[in-house]
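# Inside the fold
These are the residues of each chain, in order.
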Amino acid sequence: MSTYDATGSAARRPFSGRRARAGDLILQGVAGLAALGAVVLVGLIVYKVVQGSRLSLSTFGLGFLTSTGWDPVHSQFGAANLIYGTAITSFGALILATPLALGVALFLTELAPGWIRGPVTALVETLAAIPSVVIGLWGILVLGPVLRDDVMPQLHSALGFIPLFGPSSSGSTIFTAIVVLTIMILPIVSSISRELFLGVPAELKEAALGLGVTRWEMVRGVIFPYARGGVAAAMILGLGRALGEAIAVAQVIGAFNGPIHANLFFQGNTIGAELANEFSNATSNLELSSLFYLALILLVFSLLVNLLAQVIVRRVARKQGLVAQ
Amino acid sequence: MPRNGKLIRITFGVAAAAAVAAVAVMTASAASAKQSATTLTGAGSSLVAPAVSGIWAPAYSSAKGVNVNYSSIGSGKGIAAVTARTVDFGASDAPMTPDQASACNGCVEIPWALAGTGPVENIPGINGLQLHLTGPVLAKIYLGQITNWSDPAIKKLNKKLNLPNKTITVVHRSDGSGDTFVFTDYLSKVSKAWKSKVGSATTVQWPTGVGENGNSGVAAQVRSTPGAIGYVSTFYVVQNHLHMVRMKNSSGHFVYPSVKSIESASQILKKVPKDTGISITNPPKSKKFANAWPMATFTYVIVPKNSAKGPELRAFISWALGAKQQKSIQHLIFAPMPKLVVKAAKQRVKEIQ
């Protein structure tokens, strides 16, 4: 409640007179209620998730995190393969999306001719507005078969000695999910990066160019260091989006709940996808509770990622002697 | 003065917004009250969807003036929806589990159609109804023990076919599904290894394969993947032009799902169990079941016994159970239900208040 009071007193200062205060109080009340509502909602969700997972917590304990499989027939549930699948798809997507997104952002701020910038920016942002179920459908019908026929076999024959690039037979694989997630987080990372690059003071860039450096040296020496903290935060935001994505991943990953394997060109599963597939079909109370347990893991995962993001942003900002804006 | 005017404007604005909201709520509730008299909503099984939303709903609407809205969201979700009372009726091909039945809190489960699930393949160079398989071989494929179409076990059953040296891509449902229930129920009956390792349910832990959402997801994956095998409701085989597989039944005949072969399988019932579901998979060896399809299933409508729309639901379900309506869905490969099942179903309809 301390923030509530602080905003209140700060907002009251510029106005004077009794009549103005009534409007102020209404505003303060409405805004305060909205903020309070958000906090209460998060609290309720956490409470519900913890309460729902209680049966599974007491049945499996922490062993849930290290065991594998989702077997309603024999009432055996484990999250290890789902945690692995969630991690590999999210980080895989981040690794693919970051250089692409930085490229897009640099192109739009530094390299593209002016008349291209507007339309391309709008198109990239439109990518973020496509519903995930549509991207997933496109993943099944178009992307999956293309990857299966024209990308995965080639990668396998060239890099097959690395276990990650094993043989493939279907278009629904971990790799397909990574590519779909890449497409989904690309606009997030690129649009934030673009804003950051635009925020680099023109004097700095001009000074650098004035010293006779090439454009690439200017990008590397001025723009990247200046925007580093923000880009890290953008990446974490993208990671958060990838971690929680359920529907599109469920459509293209192939829902394999067997043992963990290295092959990206084979089926897998993620926490979000398993929740999307199973949540409304749970056949026993223990399965339902185990699904809540999964949700709890995802919640903790997301919280850790958010904390990590703040730590990174602060550290980079301190290093640069700048205050995070 | 200007500030005062602003305050008045805000107060007036809030009052106006409240009035608009109140009117909106009243209109909405009036509309829904009016709607409730003439609309039944249902959700669930995609197997029965072509019958309910394609044939019965329009016929019922023109005959009785009652609209039936049905969403094909899968059996598991259908049970969940009626449990949450967000629909008037649910539909599932698998009977409710004890946990589901108690969660549904006083629901009655009524068989209202008879259909089947069947394997489909996409082997380059092989047409529909050419491939012959037995239950144990199918189980081995789904256990991941047979992984190539040129496997001797498959070749032995298909001496006339030129089977390619191609990896088998196993496709199954990723969502809770009545088709999965029937399919795994059958495999459990024909393979001990399947029964002990995997078992039967609407969702199982698949030893291998690609999971896809819904009949349409499985159909799309099979159609787009050379070397794939999957299973779908019979209606979807026809609709998607997929290649059916002939299965060897207990009597030793290689059969495919049709109205006749599904109807024949249903003859196994001597009486209808009271509380549990009815399994008619894999009928035993007998002259009577010589041409019976081994993966036939009843599909159920699930209704709360105490429903605000009790009379409307009773009328609709009784109507659907009528001989004429049962016959009207035969071209979608639904077989007519045996008389004793219809009788038991009509008894259960009476339980709806």
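As the structure is a prediction and not an experimental result, all values here were calculated from the model. Per chain, the residues get numbers from 1 upward, laid out in the order the sequence is written. Going through the entries in the order they are written, you letter the chains from A and number the ligands from 1. Two thresholds apply to this predicted model, a pLDDT of at least 70 for residue-level local features and 80 or more for giving and counting side-chain atom pairs, whereas whole-chain, interface and lining totals are computed over all residues.

### Concerning the interface of chain A and chain B
Put simply, the test is: Once C-beta atoms are placed from the backbone, any two residues with those atoms within 7 Å are in contact. In this description a helix means any DSSP run of H or I spanning at least four residues, a strand means any run of E spanning at least two, and both kinds are numbered starting from the N terminus. Under the convention adopted here, Pro, Cys and the residues Ala, Val, Leu, Ile, Met, Phe, Trp and Tyr are nonpolar, Asp, Glu, Lys and Arg are charged, and Gly plus all remaining residues are polar.
Contact residues are listed per partner, giving 33 residues for chain A and 33 residues for chain B. The set of elements that each furnish at least two residues to the side of chain A that touches chain B consists of helix 2 (18–52), strand 1 (70–71), helix 7 (132–159), helix 11 (247–252) and helix 12 (271–278) of chain A. The greatest single-element share of the side of chain A that touches chain B, amounting to five residues, is contributed by helix 2 of chain A. Of the residues contributing to the side of chain A that touches chain B, the split by class is 12 nonpolar, 18 polar and three charged.

### Description of the nonpolar core
Nonpolar side chains in soluble globular proteins generally cluster together in the buried interior. The condition is simple: Think of a nonpolar core as buried Ala, Val, Leu, Ile, Met, Phe, Trp, Tyr and Cys residues chained together by C-beta atoms that fall within 7 Å. Exposed residues have 12 or fewer other C-beta atoms within 10 Å of their own C-beta, buried residues have 20 or more, and residues in between are partly exposed; the C-beta atoms are placed from the backbone.
Ranked by internal contacts, the top residues of the largest apolar core, which has 173 residues, are Val180 of chain A together with Ile302 of chain B. It is helix 8 (residues 174–198) of chain A that contributes the most residues to this core, 16 residues altogether. Once residues within four sequence positions are removed from consideration, Ile302 of chain B is found in contact with Ile79, Val82, Phe89, Gly90, Ala91, Ser92, Met96, Cys104, Cys107 and Glu109 of chain B.

### Observations regarding the confidence of the model for chain B
Residues and elements named next belong to chain B. For clarity, the cut-off: A residue's pLDDT is the predictor's confidence in that residue, given on a scale from 0 to 100.
Scored by pLDDT, chain B comes out at a mean of 87, with 89% of its residues at no less than 70. Between the elements of chain B, mean pLDDT differs from a low of 48, seen in helix 1 (residues 2–36), to a high of 97, seen in helix 5 (residues 135–143). Of the regions scoring below 50 in pLDDT, residues 1–5 engages in three contacts with residues more than four places distant in sequence or in other chains. Confidence drops under a pLDDT of 50 for residues 25–36, and excluding neighbours within four residues, the segment shows one contact in the predicted structure. On the interface metric, ipTM, the complex scores 0.76, and its pTM is 0.81.

### Here we look at the packing of helix 5 (residues 80–111) of chain A against helix 12 of chain A
Residue and element names in this part refer to chain A. Threshold: Axis geometry follows a simple rule: fit a line to the C-alpha atoms, using only the stretch in contact for helices, then measure angles between N-to-C directions, giving values from 0 to 180 degrees. Small angles under 35 degrees read as roughly parallel and large ones over 145 as roughly antiparallel, with 65 to 115 read as roughly perpendicular and the rest as oblique.
Contact geometry for helix 5 and helix 12: axes closest at 7 Å, N-to-C directions at 120 degrees. In terms of axis orientation, helix 5 runs oblique to helix 12. For the pair formed by helix 5 and helix 12, the contact residues are Leu82, Ile83 and Thr86 on the first element and Ile271, Gly272 and Glu274 on the second. In terms of residue class, the contact of helix 5 with helix 12 is built from three nonpolar, two polar and one charged.

### Brief notes about the domain arrangement of chain A
Which entries qualify depends on this criterion: Each domain's extent was defined by an automatic or database domain assignment.
Domain annotation of chain A identifies domain 1 (22–52) and domain 2 (86–281 + 305–319). The gap between the C-alpha centroids of domain 1 of chain A and domain 2 of chain A is 33 Å.

### Observations regarding helix 5 of chain B
Residues and elements named next belong to chain B. Where burial is concerned, most of helix 5 is hidden: seven out of the nine residues are buried. Of the residues making up helix 5, those classed as buried are Gly135, Val137, Leu138, Ala139, Lys140, Ile141 and Tyr142. Once helix 5 finishes, Gly144 follows within two positions and takes phi at roughly 80 degrees, a positive value.

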